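# Remarks on the overall topology
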4 protein chains.
Amino acid sequence: MVETGGIAADALRSLIERVERLEEEKKALADDIKDIYSEAKSVGFDVKIMRQIVRLRKMDENDRQEQEALLDTYTHALGMIRG
Amino acid sequence: MVETGGIAADALRSLIERVERLEEEKKALADDIKDIYSEAKSVGFDVKIMRQIVRLRKMDENDRQEQEALLDTYTHALGMIRG
Amino acid sequence: MVETGGIAADALRSLIERVERLEEEKKALADDIKDIYSEAKSVGFDVKIMRQIVRLRKMDENDRQEQEALLDTYTHALGMIRG
Amino acid sequence: MVETGGIAADALRSLIERVERLEEEKKALADDIKDIYSEAKSVGFDVKIMRQIVRLRKMDENDRQEQEALLDTYTHALGMIRG
DNA sequence: CTGCCATTTTACCGGC
DNA sequence: GCCGGTAAAATGGCAG
């Protein structure tokens, strides 16, 4: 490990603080996102579904279809019917 | 609030400890479940899909279809195609 | 992937059912915990406070373990062996 | 439910896009953080330790706030006002 | 490629 | 009965 009492300690502190600062900003954005969902909810949208939508749009189309197919396979294997 | 120095304190402690004991047991069961999924994975099953299956089986059929329908509505509204 | 139309279907079903059984037990424990809180409330304790206490005690424990882990990481980084 | 074939579709799209924009920014910050850790590593710091430190500092903060909250709850339960 | 850790999502619970 | 917040579960990403 680098020396703990000397310049390295300062460097470490500085790096840690930069991380913490960025994490705060990240938190702020997360809060903004939550606010948007609240707003959406307040005008009658279903937040859970909206989250699903965002996830689907982010997802690669091939992956999505693969997952669907696999789910089908499993449900059939168990004799479940997916309406 | 009830008296903090007296019989009530003992009662409180006892209740807290009962809760903690039960939570430990709950934790143990959660670990057991994780083990089963590990085992499943090791023999080639897709854990993520298995979890989906468990969730679907737990879910009321009506709720499930409602959610599907709502997702459809939203994706159509956005011009997305759900293959 | 494992065969889905063969004996694997049985294996899958068995795994799923084991999970479901454990989840039921877990649910039962959760209910027991709720009962304790109800009981506590009925004799005059403040449930919110009790939950906070349980949470804090758990956090303290986690914190302690985390400190341990950090110390561990340090000693490893320094090539030391912790007795 | 809100109308899905009408102006509401536009509102939905707008909300979704706002979320997506913010998530991109969040992702960018996450990448920045990763970069800092890379940089730290390249000058000889142990990233795992650094992450633990950041986590601990955050936990301490949370813990402190939790203690505050508990005190608050107590005082409210006692009908006291905290100056 | 596997296990771990962080993030994200879901479910729950008490209060209003 | 809804709503907000809090804890649990699950998903995804990273390091070794």
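Computed from a predicted model, the values in this text were never measured in an experiment.

### Re the overall build of chain A
- Of the regular secondary structure elements, chain A holds three helices and zero strands.
- Listing every helix and strand of chain A by position from the N terminus yields α-α-α.
- In terms of C-alpha radius of gyration, chain A reaches 23 Å, well past the compact-globule figure of 12 Å for 83 residues.
- Here the C-alpha coordinates of chain A stretch approximately 65 × 40 × 20 Å along the principal axes.

### Structural notes on the protein's contact with DNA strand F
- If you check the shell around DNA strand F, you find Lys41(A), Lys48(B), Arg51(B), Arg55(B), Lys26(C), Arg55(C), Lys58(C) and Lys34(D) and nothing else.
- Side-chain polar atom of Lys48(B) to a phosphate oxygen of DNA strand F: 2.9 Å apart, as the coordinates give it.
- Arg55(B) has a polar side-chain atom sitting 3.0 Å from a phosphate oxygen of DNA strand F.
- Going through the elements one at a time, α2 (47–58) of chain B together with α2 (47–77) of chain C are the ones with two or more residues in the surface near DNA strand F.
- At three residues, the largest contribution of residues to the surface near DNA strand F is made by α2(B).
- Across the surface near DNA strand F, the residue classes break down as no nonpolar, no polar and eight charged.

### Looking at the interface of chain D and chain A
- Listed per partner, the contact involves 30 residues of chain D and 29 residues of chain A.
- Carbon and sulfur atoms supply 76% of the area that chain D and chain A bury against each other, a total of about 3,000 Å² over both sides.
- The tally of links between chain D and chain A comes to six salt bridges.
- Counting every contact that joins chain D to chain A gives six residue pairs in polar contact (both at pLDDT 80 or more).
- Of all the secondary structure elements, the ones that give two or more residues to the side of chain D that touches chain A are α1 (7–42) and α2 (47–77) of chain D.

### Thoughts on the confidence of the model for chain A
- The share of residues in chain A with pLDDT of 70 or more is 93%, and the mean pLDDT across the chain is 90.
- Least confident of the elements in chain A is helix α3 (residues 61–77) of chain A, whose mean pLDDT is 93; most confident is helix α2 (residues 47–58) of chain A, at 96.

### Examining the nonpolar core
- Phe45(A), Met50(A), Ile53(A), Tyr74(B) and Leu12(D) are the most contacted members of the largest nonpolar core, which totals 42 residues.
- Those elements that place two or more of their residues in this core are α1 (7–42) and α2 of chain A, α3 (61–77) of chain B together with α1 and α2 of chain D.
- Top element by residues in this core is α1(D). It accounts for 12 residues.
- Dropping the residues within four chain positions of it, Tyr74(B) is found in contact with Gly44(A), Phe45(A), Asp46(A), Ile49(A), Met50(A), Ile53(A) and Leu12(D).
- In this structure, Ala8(B), Tyr37(B), Ile16(C) and Ile53(C) belong to the second largest nonpolar core, which totals 41 residues.

### Concerning a negative patch on the surface
- A contiguous patch of negative charge on the surface is contributed by Glu24(A), Glu25(A), Asp32(D) and Asp35(D).
- Looking at the negative patch, the elements with two or more residues in it are α1 of chain A together with α1 of chain D.
- For Glu24(A), the position within the fold is in helix α1.
- A residue is classified by how much of its surface remains accessible, and Glu24(A), at 60% relative accessible area, is exposed.

### Section: the interface of chain B and chain C
- Counting residues at the interface gives 29 residues for chain B, matched by 30 residues for chain C.
- When chain B packs against chain C, close to 3,000 Å² is buried across both sides, 76% of that on carbon and sulfur atoms.
- Our count for the contact surface shared by chain B and chain C stands at six salt bridges.
- The partner of Glu20(C) in a salt bridge is Arg57(B), with the nearest N and O atoms 2.7 Å apart.
- Taken together, the links from chain B to chain C amount to six residue pairs in polar contact (both at pLDDT 80 or more).
- Sorting the residues of the side of chain B that touches chain C by element identifies α1 (7–42) and α2 of chain B as the ones contributing at least two each.

### Quick notes on the packing of α1(B) against helix α1 (residues 7–42) of chain C
- At a closest axis distance of 9 Å, the pairing of α1(B) and α1(C) adopts a crossing angle of 165°. As the angle between them shows, α1(B) and α1(C) are arranged roughly antiparallel. Where α1(B) crosses over α1(C), the two elements pack in a sense that is left-handed.
- By residue class, the composition of the contact of α1(B) with α1(C) is 18 nonpolar, no polar and 12 charged.

### Examining the protein's contact with DNA strand E
- Taken together, Lys26(A), Lys48(A), Arg51(A), Arg55(A), Lys34(C), Lys41(C), Arg51(C), Lys26(D) and Arg55(D) form the complete shell of residues around DNA strand E.
- The sugar-phosphate share of atoms of DNA strand E within 4 Å of the protein amounts to 100%.
- Contact distances for DNA strand E include 2.8 Å between a phosphate oxygen and a side-chain N or O atom of Arg51(C).
- Element by element, the count of residues in the surface near DNA strand E is highest for α2(A), at three residues.
- Split by residue class, the surface near DNA strand E holds no nonpolar, no polar and nine charged.

Quick notes on the rules
Residues numbered from 1 in each chain as written. Chains lettered and ligands numbered in written order. Predicted model: local features only at pLDDT ≥ 70, side-chain atom pairs only at ≥ 80, totals over all residues. Heavy atoms only, no water. Helix = DSSP H or I, 4+ residues; strand = E, 2+ residues; numbered from the N terminus. Rg over C-alpha atoms; globule rule 2.2 N^0.38 Å. Near = heavy atom within 4 Å. Polar contact = N/O pair within 3.5 Å; in protein donor to acceptor, adjacent residues only side chain to side chain. Nonpolar A, V, L, I, M, F, W, Y, C, P; charged D, E, K, R; others polar. Contact = heavy atoms within 4.5 Å. Buried area = accessible area lost by both parts, 1.4 Å probe. Salt bridge = Lys/Arg side-chain N within 4 Å of Asp/Glu carboxyl O. pLDDT = per-residue confidence, 0-100. Core = buried A, V, L, I, M, F, W, Y, C linked by side-chain atoms within 4.5 Å. Buried < 20%, exposed > 50% of the residue type's maximum accessible area, 1.4 Å probe, protein only. Patch = residues over 30% accessible without salt bridge, like charges linked within 9 Å, V, L, I, M, F, W, Y side chains within 5 Å. Areas by Shrake-Rupley, 256 points an atom, 1.4 Å probe, with all protein chains shown as cover. Lys, Arg positive; Asp, Glu negative; His and termini not counted. Charge placed at Lys NZ, Arg CZ, Asp CG, Glu CD. Axes fitted to C-alpha atoms, helices over the stretch in contact; angles between N-to-C directions. Parallel < 35°, antiparallel > 145°, perpendicular 65-115°, else oblique. Left-handed = near helix turned anticlockwise from the far one by under 90°.

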